[in-house]
Amino acid sequence: MAGTTTAPAVQTRRGGPVGQLAGPRVKATKVAANLVLLVIAVCFLLPMAWVVVASFDAEATLSFGLPDTVTTANFSAILTPELTWLPLWNAFVLSAGAGAITVVVAVLAAYPLSRYRMRFGKYFLYSVLFGTCLPITAIMVPVYALFVQLNLLDSLPGTIFFMAATSLPMAIWMTKNFMDSVPISLEEAAWTEGASAMQALRTIVLPLMRPGIAVVFIFVFVQAWGNFFVPFVLLLSPEKQPAAVSIFAFFGQYGSVAYGQLAAYSLLYAAPVLGLYVLVTRISGSAFALAGAVKG
Amino acid sequence: MAVTSRGVARAVPLAPAVVLLALFMLGPVVWSFYGSFTNAALTGPAALNPEWIGFDNYVALIGDPDFPKSLWLTVVFVFLSAVVGQNVMGIALAGLLRSAVRPVRSIASTVVVAAWVLPEIVAAFASYAFFHSDGTLNTMLGGIGIPGPDWLYSTPMLAVIVANIWRGTAFSMMVYSAALAEVPPELTEAAQLDGANGLQRLAWVTLPVIRRSISTNLMLTTLQTLSVFTLIYVMTGGGPGTDSSTLPILAYQEAFKFAQVGYGTAIATVMIVVGAIFSVIYIRALRPEVD
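From a predicted model like this one, the values you see are computed outputs, not experimental measurements.

Definitions and cut-offs
Residues numbered from 1 in each chain as written. Chains lettered and ligands numbered in written order. Predicted model: local features only at pLDDT ≥ 70, side-chain atom pairs only at ≥ 80, totals over all residues. Helix = DSSP H or I, 4+ residues; strand = E, 2+ residues; numbered from the N terminus. Buried ≥ 20, exposed ≤ 12 C-beta atoms within 10 Å, placed from the backbone. Contact = placed C-beta atoms within 7 Å. Expected span 1.5 Å × (residues − 1). Nonpolar A, V, L, I, M, F, W, Y, C, P; charged D, E, K, R; others polar. Core = buried A, V, L, I, M, F, W, Y, C linked by C-beta atoms within 7 Å. Domains from an automatic or database assignment. pLDDT = per-residue confidence, 0-100. Axes fitted to C-alpha atoms, helices over the stretch in contact; angles between N-to-C directions. Parallel < 35°, antiparallel > 145°, perpendicular 65-115°, else oblique. Left-handed = near helix turned anticlockwise from the far one by under 90°.

1. Comments concerning the overall build of chain A
Across its full length, chain A holds 14 helices and zero strands. Residues counted as buried form 44% of the 296 residues belonging to chain A. Counted over contacts in chain A with a minimum sequence separation of 6, partners at least 24 positions apart contribute 72%.

Given below as structure tokens:
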């Protein structure tokens, strides 16, 4: 940033004389910008709109089109225990399990990293940062081989711990940033009264960073809920597979005939994630919280 | 000595994280390097007790015409969909959003972010339906009298690249929105007073100011796109033939479809090395924030 932040000699205010001088042209540009944005929004919307429209269409095709008969039959057809409820439950167990483990481990790890100057803390943070970059799909084949050796294949706990571990680097990074913003002076008071570090963490730091913890948990939950490749490789029995995998199996079996049901299933499965995302934006006050956290 | 024991005590809360990361992140990476020198198979005796075969997998890799092709497809995919597509689209959207009226701004950003928030398998189905020969795109083209091709079959790379731009642009848009909000308005206004037009202001004022966000974002989108699997797997399955088999697809197919886990692991190792190189560049760029 150096050298670019020096204030210019001429002080102008936002919307000042410059904007007024160029009035009509600025207005034309603004109208054009709005129009272009609307066109882009429509283009981005079309593929998603198909999912919504097709799920209520009695004779859904692969193309977006308003249905002749609006129906909820697609939903009632797929809302059976083995087709939807069990996979959704599995997805919930996987995501909540990974989220809980990740949050606990990340909070524990973030505390010393945030509070003490440790000689190896820097190296640990570097490796954590390196871990956030590692492409997980690249390691799935060796992970499979490793799980064969450890006898963890087709094990729900094994998969949960693996998912927790892969989201841990990002979670530690985010948690440390949230913890850094909690002032240390409050803990120092507790320390002088004889509280241990862990007591201070539990009674002072955690209550103050509740929103941050919620954001980290939701972040991990959403990632695990949407993850297809990891459970696809590591979980083999259909009764253990989460919605992402069973929906893919459904697509393979019936996808070429029952588009409406596929769309209905997709909508049901995507809804919690969309809801949680809205929740995160409420908690952190910014729609861009997740990307902001990623930016570090 | 008291200092050291206190240091150890302070580091104890790090232990669970270290164990998890060592077992499930470092473990597979080490295993990947080791496994790529074995003849590990999917089932049978070679699955549990793989034999050491030296560099055979890598020799086979170089001799296999699918590998250089897949490497090239990966480069094309990453370059066009992430480096060019998502970044240019992201910065353009971020700029447009700033000059849009409030309702348009919230509609556009919500729609773009929604494509990014969707679970990847749903995004993949949506893209599949959009580009299918009977899909939305061809219906629209048919509406204006153009018979559309079977995109997923005749131009699979184009389809997956556009789909990945659709899916991932939100991330770049959010990063660049945050970056643009921090550009001091005085700078661009001063340039405007000096007679610079919009493009000149972008090239000489805005882009240099946000250059750090650009390099960070380029790295992150490259790494994310390098590991895209589900989108391509659902849309084309890597086909027709191997015409859209990027490295993650190729590694998966060699390991699980053709049961050559050792060979698939060698491909995975190549990906890990490529990813590691990009990560190191990225971390060097971020260095001041860690220290």
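Next comes the rest of the description.
2. Here's the deal with the overall build of chain B
When helices and strands are tallied, chain B shows 16 helices and zero strands. C-alpha extents for chain B along the principal axes are approximately 75 × 70 × 30 Å. Within chain B, the proportion of its 291 residues that are buried is 47%. If you take every contact in chain B between residues at least 6 apart in sequence, the share linking residues at least 24 apart comes to 68%.

3. Digging into helix α5 (residues 121–133) of chain A
The first and last C-alpha atoms of α5(A) sit 19 Å apart over 13 residues, in line with the 18 Å expected at 1.5 Å per residue. For α5(A), the full list of buried residues reads Leu125(A), Val128(A), Leu129(A), Gly131(A), Thr132(A) and Cys133(A).

4. Quick notes on the interface of chain A and chain B
Contacts between the two partners involve 86 residues from chain A, matched on the other side by 92 residues from chain B. The greatest single-element share of the side of chain A that touches chain B, amounting to 16 residues, is contributed by helix α2 (residues 23–55) of chain A. Residue composition of the side of chain A that touches chain B, grouped by class: 67 nonpolar, 15 polar and four charged.

5. Re the nonpolar core
Ala106(A), Leu168(A), Val216(A), Phe125(B) and Met235(B) are the most contacted members of the largest nonpolar core, which totals 171 residues. Residue contributions to this core peak at 14 residues, all from helix α10 (residues 156–181) of chain B. Among the domains, domain 1 (17–71) and domain 2 (77–295) of chain A are the pair contributing at least three residues each to this core. Ignoring any residue separated from it by four or fewer positions in sequence, one finds Ala106(A) in contact with Leu168(A), Ala171(A), Ile172(A), Thr175(A) and Val216(A).

6. Description of the environment of Glu189(B)
One can find Glu189(B) in helix α11 (residues 185–193). Sequence separation between Glu189(B) and Arg201(B) is 12 residues; the distance between their C-alpha atoms is 9.1 Å.

7. Here we look at the domain arrangement of chain A
All names here are of chain A. One can read the domain layout of chain A as domain 1 (17–71) and domain 2 (77–295). One C-alpha centre belongs to domain 1, the other to domain 2; they are set 33 Å apart. In this complex, domain 1 contributes eight residues to the contact, which on the side of domain 2 involves six residues.

8. Quick look at the confidence of the model for chain A
Residue and element names in this part refer to chain A. Averaged over all residues, the pLDDT of chain A is 82; the fraction at 70 or higher stands at 87%. Across chain A, helix α11 (residues 229–234) holds the top mean pLDDT of 93, while helix α1 (residues 17–21) sits lowest at 45. Low confidence marks residues 1–21, where pLDDT is under 50. Its contacts with residues over four positions away, or in another chain, come to 19 contacts. In this model residues 291–296 is a low-confidence stretch, pLDDT under 50, and it forms 12 contacts with partners more than four residues away in sequence or in other chains.

9. Section: the packing of helix α6 (residues 136–149) of chain A against helix α15 (residues 247–257) of chain B
One can describe the packing of α6(A) onto α15(B) by two numbers: an axis separation of 9 Å at closest approach and a directional angle of 15 degrees. The pairing of α6(A) with α15(B) is recorded here as roughly parallel in orientation. Our pair here, α6(A) against α15(B), has a crossing hand that is left-handed. Where α6(A) abuts α15(B), its residues Thr137(A), Ala138(A), Val141(A) and Tyr144(A) lie against Pro248(B), Ala251(B) and Ala255(B).

10. Comments concerning the packing of helix α6 (residues 102–117) of chain B against α10(B)
Residues and elements named next belong to chain B. Relative orientation of the contacting elements α6 and α10 amounts to 115 degrees, with a least axis distance of 7 Å. Note on packing geometry: the crossing formed by α6 with α10 is left-handed. Contact with α6, carried on its side by Val112, Val113, Ala115 and Trp116, involves Trp166, Arg167, Gly168, Thr169, Ala170, Phe171 and Met173 of α10 and no other residues of that element. Looking at the contact of α6 with α10 residue by residue, the class counts come to eight nonpolar, two polar and one charged.

11. Let's talk about unusual backbone geometry
The backbone of Asp154(A) sits at a positive phi, close to 65 degrees, despite the residue not being glycine. With respect to the element layout, Asp154(A) can be found in the loop between α6 and α7 (156–180). Accessibility expressed as a C-beta count within 10 Å gives 14 for Asp154(A), which makes it partly exposed. A positive phi angle, close to 60 degrees, is found at Ala259(B), a residue other than glycine.

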